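Chain by chain, the residues:
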Amino acid sequence: MRNTFSLAILTVTLSISSVFAERTAFEPTKPWPDNNGVHINAHGGGILFHQGLYYWFGEHKTQGRRGNTAQVGVHCYSSTDLYNWKDEAVALHVSDDPESEIVRGCVIERPKVIYNPKTKKFVMWFHLELRGQGYTAARTAVAVSDTVTGPYTYLRSFRPNAGKHPVNVRPRDLRPGAENYFHRDIESGQMARDMTLFVDEGGKAYHIAAAEENYTLHISLLTDDFLDFTGIFSRVLIRMHREAPAICKRNGRYYLLTSGCTGWAPNEASYAVADDIFGPYEPMGNPCRSVNPDNGMGPELTFGGQSTFILPVEGKSDAFIAMFDVWQPRNPIDGTYIWLPIEFDADDRMVIVYREKWDLSVFDPQ
Ligand code: GAL
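Residues numbered from 1 in each chain as written. Predicted model: local features only at pLDDT ≥ 70, side-chain atom pairs only at ≥ 80, totals over all residues. Heavy atoms only, no water.

Visitor: Teacher, can you tell me more about the site of the ligand here?
Guide: If you check the shell around the ligand, you find E109, R110, Y135, D194, E243, G263, W264 and Q306 and nothing else. At 2.6 Å, a side-chain N or O of E109 approaches an oxygen atom of the ligand. The side chain of Q306 places a nitrogen or oxygen atom 3.0 Å from an oxygen atom of the ligand. For the ligand, whose accessible area on its own is 310 Å², the fraction buried by protein is 88%. The cavity that encloses the ligand is the second largest pocket. Split by residue class, the shell around the ligand holds 2 nonpolar, 2 polar and 4 charged. Two domains each provide a minimum of three residues to the shell around the ligand, namely domain 1 (1–39 + 242–366) and domain 2 (41–158). (Near = heavy atom within 4 Å. Polar contact = N/O pair within 3.5 Å; in protein donor to acceptor, adjacent residues only side chain to side chain. Areas by Shrake-Rupley, 256 points an atom, 1.4 Å probe, with all protein chains shown as cover. 1 Å grid on protein atoms, 1.4 Å probe; cavity = no way out; pocket = protein on both sides within 12 Å on 5 of 7 lines; lining within 4 Å. Sits in = over half its atoms within 2 Å of the grid points. Nonpolar A, V, L, I, M, F, W, Y, C, P; charged D, E, K, R; others polar. Domains from an automatic or database assignment.)

In structure tokens:
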């Protein structure tokens, strides 16, 4: 009896420890189990560091093609070490009300959350497409919460910067023309698709999104409460057809990483550098090096991934992780993640080398 009992305890302990086995490294492209042993479901995500914990917010995907639309909402996970993630459940739920803009079946993409120390609110922005309208709505949307993990309260969606001219406006931008999408959308507000957020030193927050039929990115200053646009914005990488923006600041310079526009299919990443967040951004080419042995894809296809966020590692200087999604549009829940350390060479160029397995010690001084 006693032996059976201890055997049972041993078995339970073994199975728990295999599920909860502490991870001590990143393994890009591989399934990434959370604390319940379930592959993390936070695609197109971004990370907020708050009071000693990292919070990862991303698109909750489901099985089958339908899973490319929002059936659940925005999922949240927390971590102390970036390797091991605890499921914190759904932070923003889709609605069952057919009148709601975030009714189940809409498209909720690339959610990002920032904390406003003045209002003590957590503010989530994301790209919203209205149900049944494909990708034509091209709106940005905002939700808010008093607690980091939510639930977030949905506020509204819109096309930003209506009636406004960018800080870097040129006379030709204001002349109508068949392909002058900026001019076309001045009155109605500008399109906003793939997006990220960035809080600068000093606390100002910026919304960066693919606008103008994905030809040009717009970088917009948010209001002090982070809940609205100020109307102050800049057009960057004009007509370069870039999306999936991710940004970091190093030595006072802004590094803006983007992808090309080929839907779910991977393409070549590139980055651009500026001394001012509003630009001008100098294109610097593709930062990726080496090949992903899991799929044979190299720098010309971003190892099979697409950028979503650049994560500054807390407590380490000059330590940034580039986060990419490996999309699986036929079964989106199977999408995986490629996280890689960003290196800067002697000329301050960004370099992202594929690694099959790595840990945060790469950031320690050599
Ligand atoms: C990509 C974009 C994704 C998603 C997808 C839909 O270009 O980066 O976030 O919108 O298109 O096809």
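Visitor: Any chance you could explain the pairing of strand 3 (residues 73–79) here in plain terms?
Guide: In the case of a regular strand, side chains alternate between the two sheet surfaces. In terms of burial, strand 3 is largely enclosed, as 7 of its 7 residues are buried. The sheet contact formed by strand 2 (residues 53–60) and strand 3 spans 7 bridges and is antiparallel. When the bridges of strand 3 are listed, F57 appears paired with C76. Here strand 3 runs beside strand 4 (residues 86–93); their pairing, made up of 5 bridges, is antiparallel. By the bridge assignment, S78 is partnered in strand 4 with K86. (Buried < 20%, exposed > 50% of the residue type's maximum accessible area, 1.4 Å probe, protein only. Helix = DSSP H or I, 4+ residues; strand = E, 2+ residues; numbered from the N terminus. Pairing = 2+ DSSP bridges.)

Visitor: Would you mind showing me how to read the sheet that holds strand 11 (residues 216–222) here?
Guide: To summarise the sheet geometry, strands pair through backbone hydrogen bonds and adopt either a parallel or an antiparallel arrangement. Pairing is antiparallel in the open sheet, where 4 strands are placed in the order 9-10-11-12. Two strands close off the open sheet at either side, each with one partner strand: strand 9 (195–199) and strand 12 (229–236). Each strand axis lies, on average, 25 degrees off the axis of its neighbour in the sheet, ignoring direction. Taken together, the 6 bridges between strand 10 (residues 205–211) and strand 11 define a ladder with antiparallel strand orientation. (Axes fitted to C-alpha atoms, helices over the stretch in contact; angles between N-to-C directions.)

Visitor: Please explain the sheet that holds strand 14 (residues 253–259) as it appears in this structure.
Guide: A sheet is described by the order of its strands in space; here 4 strands give the open sequence 13-14-15-16, paired in antiparallel fashion. Strands with a single pairing partner mark the edges of an open sheet, and in this sheet they are strand 13 (243–250) and strand 16 (282–285). Each strand axis lies, on average, 25 degrees off the axis of its neighbour in the sheet, ignoring direction.

Visitor: Explain the pairing of strand 6 (residues 121–129) to me, please; I cannot follow it from the model alone.
Guide: Judged by how many residues are buried, strand 6 sits mostly within the fold: 8 of 9 residues are covered. Here 8 bridges tie strand 5 (residues 107–116) to strand 6, and the two strands are oriented antiparallel to one another. Residue Y115 lies in a different strand from strand 6, and its bridge partner there is F122. Across 7 bridges, the pairing between strand 6 and strand 7 (residues 139–145) is antiparallel.

Visitor: It is not clear to me how the packing of aromatic side chains should be interpreted in this structure. Could you clarify?
Guide: Each aromatic ring pair is specified by the distance between its two centres and by the angle formed by the two planes. One pass over the structure, following the stated rule, counts 29 aromatic pairs. Between the aromatic rings of W56 and W85, the centroid separation amounts to 5.1 Å while the plane-to-plane angle is 75 degrees, which identifies the pairing as edge-to-face. On the criterion of sequence distance, the pair formed by W56 in strand 2 and W85 in the loop between strand 3 and strand 4 is long-range, its members being 29 residues apart. Like W56, the residue W85 is buried in the burial classification. Between W56 and Y337 the ring centres are 5.0 Å apart and the planes differ by 75 degrees, which places this aromatic pair in the edge-to-face class. Taken together, the residues W56 in strand 2 and Y337 in strand 20 (residues 336–341) connect sequence positions 281 residues apart. Like W56, the residue Y337 is buried in the burial classification. One cation-aromatic arrangement involves R239 over Y215; the distance from NZ or CZ to the ring centre is 4.5 Å. Sitting above the plane of the F344 ring, R250 keeps its charged end 4.0 Å from the centroid. (Phe/Tyr/Trp six-rings, centres within 6.5 Å; stacked < 30°, edge-to-face > 60°. Lys NZ or Arg CZ within 6 Å of the ring centre and 35° of its normal.)

Visitor: What is the right way to look at empty space enclosed by the protein in this model?
Guide: In this approach a probe as big as a water molecule rolls over the atoms, and the regions it shows empty are the leftover space. As enumerated under the stated definition, the model contains 3 cavities of 30 Å³ or more in all. Lining the largest cavity are E59, H60, K61, G67, N68, T69, A70, G73, I108 and E109. Broken down by secondary-structure element, the contributors of at least two residues to the lining of the largest cavity are strand 2 and strand 5. Each residue belonging to the lining of the largest cavity can be placed in one class, and the counts come to 2 nonpolar, 5 polar and 3 charged. Volume-wise, the second largest cavity comes out at about 50 Å³. In terms of residue class, the lining of the second largest cavity is built from 7 nonpolar, no polar and 3 charged. (Points joined across faces, edges and corners; volume = space filled by probe spheres on them.)

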